[in-house]
Protein chains: 2
Amino acid sequence: MNNTKNIVVLVSGGGTNLQALIDAQSRGELGNGKITCVVSSKADAYALVRAKESGIKSRTLIRKDYDDIASYSRAMRDILLEEKADLVVYAGFMTILDESVCDAFPNKMINVHPALIPSFCGKGYYGLHVHEEALKKGVKISGATVHFITAECDAGPIILQKSVEVMENDTPETLQKRIMEQAEWKILPKAVQLFCDEKIVVENGKTYIK
Amino acid sequence: MNNTKNIVVLVSGGGTNLQALIDAQSRGELGNGKITCVVSSKADAYALVRAKESGIKSRTLIRKDYDDIASYSRAMRDILLEEKADLVVYAGFMTILDESVCDAFPNKMINVHPALIPSFCGKGYYGLHVHEEALKKGVKISGATVHFITAECDAGPIILQKSVEVMENDTPETLQKRIMEQAEWKILPKAVQLFCDEKIVVENGKTYIK
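About the thresholds
- Residues numbered from 1 in each chain as written.
- Chains lettered and ligands numbered in written order.
- Predicted model: local features only at pLDDT ≥ 70, side-chain atom pairs only at ≥ 80, totals over all residues.
- Heavy atoms only, no water.
- Least-squares fit on C-alpha atoms with pLDDT ≥ 70 in both.
- Contact = heavy atoms within 4.5 Å.
- Buried < 20%, exposed > 50% of the residue type's maximum accessible area, 1.4 Å probe, protein only.
- Helix = DSSP H or I, 4+ residues; strand = E, 2+ residues; numbered from the N terminus.
- Pairing = 2+ DSSP bridges.
- Right-handed = clockwise from strand over helix to strand, strands pointing away.
- Buried area = accessible area lost by both parts, 1.4 Å probe.
- Polar contact = N/O pair within 3.5 Å; in protein donor to acceptor, adjacent residues only side chain to side chain.
- Nonpolar A, V, L, I, M, F, W, Y, C, P; charged D, E, K, R; others polar.
- Core = buried A, V, L, I, M, F, W, Y, C linked by side-chain atoms within 4.5 Å.

1. Considering the relation of the copies chain B and chain A
Consideration 1: Once turned by 180 degrees and shifted 0.0 Å along the axis, chain B lies on chain A with an RMSD of 0.0 Å. The relationship between the two copies is best expressed as a two-fold rotation axis. No C-alpha of chain B approaches the rotation axis more nearly than that of Ser119(B), which lies at 2.6 Å.
Consideration 2: Interface overlap between copies: 100% of the residues of chain B at the interface are likewise at the interface in chain A, consistent with a symmetric, same-surface contact.

Have a look at this one:
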């Protein structure tokens, strides 16, 4: 098939979700997708090393070089257009972009959130803080969600979710690790594969798998 | 052991969760607990038939006979004290009682909510509406939660949770049925057993199982 989808992955840190995508790709599990570029918001993100080691082109677009979200978002949109992105994946990307990006890539940007949306999501819920709040609430089940990105934070159509048990002696760190291993690293590549094989239909804010 | 716990079950409708408790009891799975009384807020609740068929004492305390929640709550508290309840279980009980009841039975009242708290819970979320909202949001995972009842609706310490897959062609009714069968009817009796065997510790708003 000659309809390869260009996947651009946005990163800010260690890049373990990027690694999960790279590993899935090397197992032939990204369907018609190919990771063509990694863009980092930080110059020292270890994700950049991972990209290099896998022979994937990378670019940086440093957040602190820009005065505001609007100008940063426009610059990012231009990079994504330049890279002819068919799919944009947030993989531990720590900056919320504005609607100039979402509008240019409607239902073509996905994120993995480390909780079962609508629990523990929305503005201010990212990284370890999500797990801190889950433990504070005392939930016995958490998990991860892959969803399309819309201008409203964590509110876009849900593509896949996977639940993970919370243990009594969990710290935010151990819960984060378990959710990554048991959920994020599984459902993110799976969602990318479904997208690249054009199996995802979005209707009235909900997704259906063909 | 001679420390049998009196379980009083509050109902308003069909009583399928009551039946799950009755069935667990007949299998010897309620630990040191014994269902000693069923109290219905409605005279025609089918749950009353289930109680009768199982030889369990039942009473009615009709909500519409009372002007307000406060007077109804006081009357319910008096019944629960009369019945020497060690554990009060909401099993499809459709009335929110005020703090006069919670205060008399601190960490001795439990409820099963048909979603993974903190998703789809709080005031206004009960019965089919919970599932309507879950489907509207397009979640791929829902479930059920057993929690202690505090004065704040659906906010008490979580005891057990179980996740359940949402199917693409689910209606609120089919989702409700699957969550009952796969989650509520399993975790409610289990939580009652843990309580009656004094295995649940509550600390800082969270539960731990001994």
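2. A closer look at the pairing of strand S2 (residues 33-40) of chain B
Residue and element names in this part refer to chain B.
Consideration 1: With six of eight residues buried, S2 lies mostly within the body of the structure.
Consideration 2: Two elements, strand S1 (residues 5-11) and S2, share seven bridges in a ladder whose sense is parallel. Within S2, the position partnered with Asn-6 by the bridge is Lys-34.
Consideration 3: In terms of handedness, the path from S1 via helix H1 (residues 16-26) over to S2 forms a crossover that is right-handed.

3. With respect to the interface of chain B and chain A
Consideration 1: Contacts between chain B and chain A engage 25 residues on the former and 25 residues on the latter.
Consideration 2: Together, the buried faces of chain B and chain A total about 2000 Å²; carbon and sulfur atoms form 53% of this surface.
Consideration 3: Scanning the region where chain B abuts chain A turns up twelve residue pairs in polar contact (both at pLDDT 80 or more).
Consideration 4: Sorting the residues of the side of chain B that touches chain A by element identifies helix H5 (128-137), strand S7 (158-165) and strand S9 (206-209) of chain B as the ones contributing at least two each.
Consideration 5: Tallied by class, residues from the side of chain B that touches chain A come to 13 nonpolar, five polar and seven charged.

4. As for the nonpolar core
Consideration 1: One finds Val9(A), Val89(A), Ile110(A) and Val192(A) to be the most contacted residues of the largest nonpolar core, which totals 45 residues.
Consideration 2: The biggest single contributor to this core is helix H6 (residues 172-196) of chain A, with ten residues.
Consideration 3: Sequence-distant contacts of Ile110(A), that is, excluding residues within four places in its chain, are made with Leu87(A), Val88(A), Val89(A), Tyr90(A), Val146(A), His147(A), Phe148(A), Ile149(A), Ile159(A), Leu188(A), Ala191(A) and Val192(A).
Consideration 4: The next biggest cluster of nonpolar side chains, apart from the first, holds 44 residues, and it includes Ile35(B), Ala91(B), Ile179(B) and Ile200(B).

5. Describing the environment of Asp44(B)
Consideration 1: Turning to its location among the elements, Asp44(B) is positioned in the loop between S2 and helix H2 (46-53).
Consideration 2: A C-alpha to C-alpha distance of 28 Å links Asp44(B) and Glu133(B), two positions 89 residues apart in sequence.

Structural measurements only, silent on function.
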